[in-house]
Amino acid sequence: MDFFGMLMWPIKWVLEAVLVGFHWLFEWFGMDPASGLVWVLSIASLVLVVRTAMIPLTVKQIKSSRKALEVAPEVKKIQDKYKGKKDSLSREAMNREVMEVYKKAGTNPLASCLPLLVQMPVFLGLVQVLNTANQGVAGVGAMSEVLARQFRASTLFEAVPLHMSLEVGVSEWNWPVIITAVSMTIFMVGAQFYTQLQIMTKNQTPQMKESPMYKQQRMMLYIIPFFLLITAWIFPLATMFYWLVSNVYTLVQQLIIINRMPNPGSEAALAREAKMARKRQRMGLPAVEGEEKQDEEDTVIENLQRKQPRKKGPRSNR
Amino acid sequence: MRTVLLLPRNACVAVLLVYRKLISPIYGDVCRYYPSCSRYTLEAIQQWGVIRGVGLGAWRILRCNPWSAGGVDDIPERSHLYRITTRGFVAAEERN
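On a predicted model such as this, the values are computed, not experimentally measured, just so you know. (Residues numbered from 1 in each chain as written. Chains lettered and ligands numbered in written order. Predicted model: local features only at pLDDT ≥ 70, side-chain atom pairs only at ≥ 80, totals over all residues. Heavy atoms only, no water.)

**A word on the overall build of chain A**
Part 1 of the reasoning: Each helix and strand counted, chain A has 14 helices and two strands in total.
Part 2 of the reasoning: For chain A, buried positions account for 42% of its 318 residues.
Part 3 of the reasoning: Sequence separation of 24 or more characterises 66% of the internal contacts of chain A that already satisfy a separation of 6 or more.
Part 4 of the reasoning: Accessible surface for chain A amounts to roughly 17500 Å². Of this, 65% is attributable to carbon and sulfur atoms. (Helix = DSSP H or I, 4+ residues; strand = E, 2+ residues; numbered from the N terminus. Buried < 20%, exposed > 50% of the residue type's maximum accessible area, 1.4 Å probe, protein only. Contact = heavy atoms within 4.5 Å. Areas by Shrake-Rupley, 256 points an atom, 1.4 Å probe, with all protein chains shown as cover.)

As structure tokens, then:
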């Protein structure tokens, strides 16, 4: 076994255990174990398990960016100092100073690439697990040869073989496969595009929008769908289901984050404040935010946007 | 001769430059450190060579997680520095 295979072995073992476990569960519920639907549901359940296991990472991230807001005025001061200086040396000096401030505060608004690094081997592992099963060969753990053969033979609604990719579907001119793959790709690209658009238009602060990274990100918003189209061509339908459910999961998670705990200072945060104020008005309460913490957050944002003196008290008094 | 010896690290530099240009912008500014992990690795490979550079870079990526404090973190100092071309490749002559 090569080094890469050794690294992937435990991941594949866990993936197979979860996949087969859910497959067994659906069979126990009385569903036909050989049907494509059960396999698709097993894959979808696997996504739910993987992504739910990652929620602590996301929550940790959100909390730490909230905490980073405490030093926002300091960061703003540094950004003002370098205002208008667009050369790379000033940018670098500015970034260094900002990072020092975050470090001193013991917090950081950035996510690090760990969430992405965790997901990549999982997806790769699943591709390998499904590819092995497609050959009718037993996997490294729970995926026995019998199950692998069953998976290879399974079709969704007795029309769409799960092991085919769009490439194979086109070469064999299998219409159900082509239609399923194409519509899944379109849906996937749509979900991805919508998620990115939501994050970028609603959940970013004015400072974030000024950075050169933001422009690049905007550009990428239109490039990612192309990447997805190319990969959809190669991967079998079963893997595409994993991707599709994962994208939908991200979309729902992002919408919840944007609505419930938006990035302070972003458009979504202002919308949420307005909504809360309206709600309180409807209930006949003064337009004060109920929690002390919310109130403080509000003051800090006002501070960094318009440089107003720090005032405590309800907005209606200002 | 020295140019040939510098080939492996320049090959790695080329890969990293492509990554930084095309793939890195997809998920945007996420690194908790400054310089970012990819630039840190790039600089480490430029100055310390492929083996130690990749080692330093891998260690940095492991350190960069939601539980780390982040902050400014430069590559270890080296007494003699290689001259870097404007594109980022390592030139054979040394810089003082």
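**Some points on the overall build of chain B**
Part 1 of the reasoning: Regarding its fold elements, chain B presents four helices and four strands.
Part 2 of the reasoning: In chain B, which comprises 96 residues, the proportion classed as buried is 46%.
Part 3 of the reasoning: A separation threshold of at least 6 residues defines the contact pool for chain B, and within that pool the share at least 24 residues apart is 66%.
Part 4 of the reasoning: Surface exposure of chain B reaches about 5400 Å², of which carbon and sulfur atoms provide 64%.

**Examining the packing of helix 4 (residues 72-81) of chain A against helix 5 (residues 88-105) of chain A**
Packed helix pairs are specified by the crossing angle of their axes together with the interaxial distance, meaning the distance between the axes.
All names here are of chain A.
Part 1 of the reasoning: Here helix 4 crosses helix 5 at 170°, and the two axes come no closer than 10 Å. The angle between helix 4 and helix 5 places the two elements in the roughly antiparallel class. From helix 4, Glu-74, Val-75, Ile-78, Gln-79 and Lys-81 reach across to helix 5, where they touch Met-94, Glu-97, Val-98, Val-101 and Tyr-102.
Part 2 of the reasoning: For the contact of helix 4 with helix 5, the residue count by class is six nonpolar, one polar and three charged. (Axes fitted to C-alpha atoms, helices over the stretch in contact; angles between N-to-C directions. Parallel < 35°, antiparallel > 145°, perpendicular 65-115°, else oblique. Nonpolar A, V, L, I, M, F, W, Y, C, P; charged D, E, K, R; others polar.)

**Let's talk about the confidence of the model for chain B**
All names here are of chain B.
Part 1 of the reasoning: Summary statistics for chain B give a mean pLDDT of 79 and a share of 89% for residues scoring 70 or more.
Part 2 of the reasoning: The lowest-confidence element of chain B is strand 4 (residues 90-95), averaging 68 in pLDDT; the highest-confidence one is helix 4 (residues 50-63), averaging 86.
Part 3 of the reasoning: This complex was scored by the predictor with a pTM of 0.67 and an ipTM of 0.71. (pLDDT = per-residue confidence, 0-100.)

**Thoughts on the environment of Val170(A)**
Residues and elements named next belong to chain A.
Part 1 of the reasoning: Note on placement: Val-170 falls in helix 8 (residues 166-171).
Part 2 of the reasoning: Residues Val-170 and Trp-233 lie 63 residues apart in sequence; the distance between their C-alpha atoms is 9.6 Å.
Part 3 of the reasoning: Non-local contacts of Val-170, meaning those with residues more than four positions away in its chain, are made with Ile-178 and Trp-233.

**As for the nonpolar core**
All names here are of chain A.
Part 1 of the reasoning: One finds Leu-19, Leu-46, Leu-130, Met-143 and Tyr-242 to be the most contacted residues of the largest nonpolar core, which totals 23 residues.
Part 2 of the reasoning: At the level of secondary structure, the elements contributing two or more residues to this core comprise helix 1 (3-28), helix 2 (36-53), helix 6 (114-134), helix 7 (145-153) and helix 12 (237-260).
Part 3 of the reasoning: It is helix 6 that contributes the most residues to this core, seven residues altogether.
Part 4 of the reasoning: Not counting residues up to four positions away in its chain, the partners in contact with Leu-130 are Leu-19, Ile-43, Phe-151, Ala-238 and Thr-239.
Part 5 of the reasoning: Core analysis: the second largest hydrophobic core is formed by 15 residues, Val-40, Leu-166, Met-184 and Met-240 among them. (Core = buried A, V, L, I, M, F, W, Y, C linked by side-chain atoms within 4.5 Å.)

**Focus: the UniProt feature "transmembrane region" (unreviewed entry) in chain A**
All names here are of chain A.
Part 1 of the reasoning: As recorded in UniProt, the sites labelled "transmembrane region" (unreviewed entry) are residues 38-59, 109-130, 173-194 and 219-245.
Part 2 of the reasoning: Helix makes up 95% of residues 38-59 and strand 0%. Its end C-alpha atoms lie 32 Å apart.
Part 3 of the reasoning: End C-alpha atoms of residues 173-194 are separated by 31 Å, and the span's content is 91% helix alongside 0% strand. (UniProt positions renumbered as here; feature names shortened; annotations may be inferred.)

**Description of the packing of helix 6 of chain A against helix 7 of chain A**
Residues and elements named next belong to chain A.
Part 1 of the reasoning: Close contact between helix 6 and helix 7 brings their axes to 7 Å; oriented N to C, the two are set at 90°. When the axis of helix 6 is compared with that of helix 7, the two are roughly perpendicular. Note on element contacts: helix 7 touches helix 6 through Ala-148, Phe-151 and Arg-152, opposite Leu-130, Ala-133 and Asn-134.
Part 2 of the reasoning: Its residues placed into classes, the contact of helix 6 with helix 7 shows four nonpolar, one polar and one charged.

**Quick word on the state of the cysteines**
All names here are of chain B.
Part 1 of the reasoning: Applying the stated criterion across every chain, the model contains zero disulfides over all chains.
Part 2 of the reasoning: Lacking any disulfide linkage, Cys-37 is separated from the closest cysteine sulfur, that of Cys-31, by 3.3 Å.
Part 3 of the reasoning: Look at Cys-37 and you get buried, because its relative accessible area is 7%.
Part 4 of the reasoning: Free cysteine Cys-64: the closest other cysteine sulfur is in Cys-31, separated by 3.6 Å. (Disulfide = S-S within 2.5 Å.)

**As for the packing of aromatic side chains**
Part 1 of the reasoning: Evaluated as defined, the whole model comprises two aromatic pairs over all chains.
Part 2 of the reasoning: Ring centres of Trp28(A) and Phe29(A) lie 5.7 Å apart, and the angle between their planes is 55°; this geometry places the pair in the tilted category. Accessibility classification places Trp28(A) together with Phe29(A) in one group, the exposed group.
Part 3 of the reasoning: Directly above the aromatic system of Tyr40(B) lies the positively charged group of Arg60(B), at a separation of 4.4 Å from the ring centroid.
Part 4 of the reasoning: Sitting over the ring of Tyr33(B), Arg63(B) keeps its end group 5.7 Å from the ring centre. (Phe/Tyr/Trp six-rings, centres within 6.5 Å; stacked < 30°, edge-to-face > 60°. Lys NZ or Arg CZ within 6 Å of the ring centre and 35° of its normal.)

**Focus: unusual backbone geometry**
Part 1 of the reasoning: Cis geometry is found at the peptide bond from Tyr34(B) to Pro35(B), where omega equals -10°.
Part 2 of the reasoning: Turning to its location among the elements, Pro35(B) is positioned in the loop between strand 1 (33-34) and helix 3 (37-48).

**Some details on the side chain of Gln253(A)**
All names here are of chain A.
Part 1 of the reasoning: Its location among the elements puts Gln-253 in helix 12.
Part 2 of the reasoning: There is a polar contact of 3.4 Å between the side chain of Gln-253 and the side chain of Arg-51.
Part 3 of the reasoning: Apart from residues lying up to four places away in sequence, Gln-253 is in contact with Arg-51, Ile-55 and Thr-58. (Polar contact = N/O pair within 3.5 Å; in protein donor to acceptor, adjacent residues only side chain to side chain.)

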